[in-house]
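Structure assessment
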Amino acid sequence: MNTLNLLRRGLLILLASLPLVATAAPTAHDVVKSTTDELIGDLKANKAGYQQNPQSFYDTLERILGPVVDSAGISRSIMTVKYSRRASDEQLKRFEDNFKRSLMQFYGNALLEYDNQSIRVLPAKAEGADRASVGMEVRDSKGTVYPVSYTMVQLDGQWKLRNVIINGINVGKLFRDQFADSMQRNGNDLDRTIDGWAEVVAKAKDSAEGQQASGQ
């Protein structure tokens, strides 16, 4: 084979390999960093409009966060095996939809208070072959640092969010406790608890704010 043919063959091999390099699956850190950057960039550009119309911000959160949140896994974790094993497929799906909607509102209301704080995403820490935690530091205008930790799981080759701990508040555990409490108050009526999930999240938000206040 002459030199020209060797060069051509080498070039073809190189070009064929480029898509594989370009589409390499992002790491857990990459997912958190890129999602955070996109979210904060959008919020800075549209904050005034979002404050007037929070629903439009929730819709934006769904567009940006939705693809990287393991909503099925989180909702089952909140419901726990105790209740999920006797739930129908329809009930599980309805709760997942209600959970996603409430999560966007819970997270969105906090983000609307964002005021150009400094955000630093830390390197991921492996917690097994398909699990990792990604820390983030949010520094306010007074220099106070608020730690955030995202639990990420790898599903079908893609890293997705399974839980978040914000300044010591474990959101997954908080929601689980509120769900169990709601089931007790509703006489173990799963439908009533699912349909009233927005009220449960409102109480979870109050509980979180109370924990934050007591910790200050």
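Given the structure is predicted, the values throughout are model-derived calculations rather than measurements.

**Quick look at the side chain of D140**
Tracing the backbone shows D140 in the loop between β2 (131–139) and β3 (145–155). The side chain of D140 sits in the buried core without any salt bridge; K142 is the nearest counter-charge, 6.5 Å away. At a separation of 2.9 Å, a polar atom in the side chain of D140 contacts the main-chain amide nitrogen of K142. At 2.8 Å, the side chain of D140 and the backbone nitrogen of T144 are in polar contact. Every residue in contact with D140, bar those within four places of it in the chain, is listed here: Q117 and Y146.

**Some points on the packing of helix α4 (residues 71–84) against helix α5 (residues 89–111)**
It is the contact of α4 with α5, at a shortest axis distance of 9 Å, that shows an interaxial angle of 130 degrees. Between α4 and α5, the interaxial angle falls into the category oblique. Our pair here, α4 against α5, has a crossing hand that is right-handed. Contacts between α4 and α5 involve S71, A72, I74, S75, R76, I78, M79 and S84 on the former and, on the latter, L92, F95, E96, F99 and K100. A class-by-class count of the residues in the contact of α4 with α5 yields 7 nonpolar, 3 polar and 3 charged.

**Comments concerning the pattern of salt bridges**
As enumerated under the stated definition, the model contains 13 salt bridges in all. A salt bridge links K173 to D177; its shortest N-O distance comes to 2.9 Å. In this pair, K173 and D177 both sit in helix α6 (residues 171–185), 4 residues apart, roughly one turn of the helix. Taken together, the shared-partner salt bridges in this structure form one network comprising E90, R94, D191 and D195.

**A look at the packing of aromatic side chains**
Taken as a whole and judged by the stated rule, the model has 7 aromatic pairs. Summarising the aromatic geometry, the rings of F179 and W197 are spaced 5.9 Å apart at their centres and angled 55 degrees between planes, so their arrangement reads as tilted. Within this pair, whereas F179 is found in helix α6, its partner W197 is found in helix α8 (residues 197–215), the two being separated by 18 residues in sequence. Taking the relative accessible area as the measure of exposure, W197 reaches 1% and is therefore buried. An aromatic cluster is present here, built from Y83, F95, F99, F175, F179 and W197 joined pairwise through their rings.

**Overview of unusual backbone geometry**
Although it is not a glycine, N167 adopts a positive phi angle of roughly 50 degrees. Assignment of secondary structure puts N167 in the loop between β4 (158–166) and β5 (169–170). A positive phi is found at N188, a non-glycine position, where the angle reads about 60 degrees. Positionally, N188 belongs in the loop between α6 and α7 (190–195). Judged by relative accessible area, which is 41%, N188 ranks as partly exposed.

**Some remarks on the environment of V153**
Locating V153 in the fold gives a position in strand β3. On the basis of relative accessible area, V153 is assigned to the buried category, the value being 5%. The sequence separation of V153 and D70 amounts to 83 residues, and the corresponding C-alpha distance is 8.2 Å. V153 has contacts with D70, D130, R131, Q158, W159, K160 and R162, leaving out every residue within four places of it along the chain.

**Considerations on helix α2 (residues 28–52)**
For α2, which comprises 25 residues, the first-to-last C-alpha distance of 34 Å matches the rise-based estimate of 36 Å (1.5 Å per residue) to within 8%. Along its length, α2 shows its largest kink, about 75 degrees, at N46. Along α2, the positions that sit buried rather than exposed are A28, V31, V32, T35, T36, L39, I40, D42, L43 and Y50. Considering only its buried residues, α2 is in contact with α3 (54–65), α5, β1 (118–126), β2, β3 and β4.

**Digging into empty space enclosed by the protein**
To locate leftover empty space, one rolls a probe as large as a water molecule over the atoms. Evaluation of the coordinates by the stated rule reveals 1 cavity of 30 Å³ or more. Put simply, the largest cavity is a space of about 170 Å³. Surrounding the largest cavity, 17 residues form its lining, I74, L103, L161, V164 and V171 being those nearest its centre. Of all the secondary-structure elements, those providing two or more residues to the lining of the largest cavity are α4, α5, β4 and α6. Among the residues making up the lining of the largest cavity, the classes are represented as 14 nonpolar, 2 polar and 1 charged.

Thresholds applied
Residues numbered from 1 in each chain as written. Predicted model: local features only at pLDDT ≥ 70, side-chain atom pairs only at ≥ 80, totals over all residues. Heavy atoms only, no water. Helix = DSSP H or I, 4+ residues; strand = E, 2+ residues; numbered from the N terminus. Buried < 20%, exposed > 50% of the residue type's maximum accessible area, 1.4 Å probe, protein only. Lys, Arg positive; Asp, Glu negative; His and termini not counted. Salt bridge = Lys/Arg side-chain N within 4 Å of Asp/Glu carboxyl O. Polar contact = N/O pair within 3.5 Å; in protein donor to acceptor, adjacent residues only side chain to side chain. Contact = heavy atoms within 4.5 Å. Axes fitted to C-alpha atoms, helices over the stretch in contact; angles between N-to-C directions. Parallel < 35°, antiparallel > 145°, perpendicular 65-115°, else oblique. Left-handed = near helix turned anticlockwise from the far one by under 90°. Nonpolar A, V, L, I, M, F, W, Y, C, P; charged D, E, K, R; others polar. Phe/Tyr/Trp six-rings, centres within 6.5 Å; stacked < 30°, edge-to-face > 60°. Expected span 1.5 Å × (residues − 1). Bend = angle between axes of the 7 residues up to and from the residue. 1 Å grid on protein atoms, 1.4 Å probe; cavity = no way out; pocket = protein on both sides within 12 Å on 5 of 7 lines; lining within 4 Å. Points joined across faces, edges and corners; volume = space filled by probe spheres on them.

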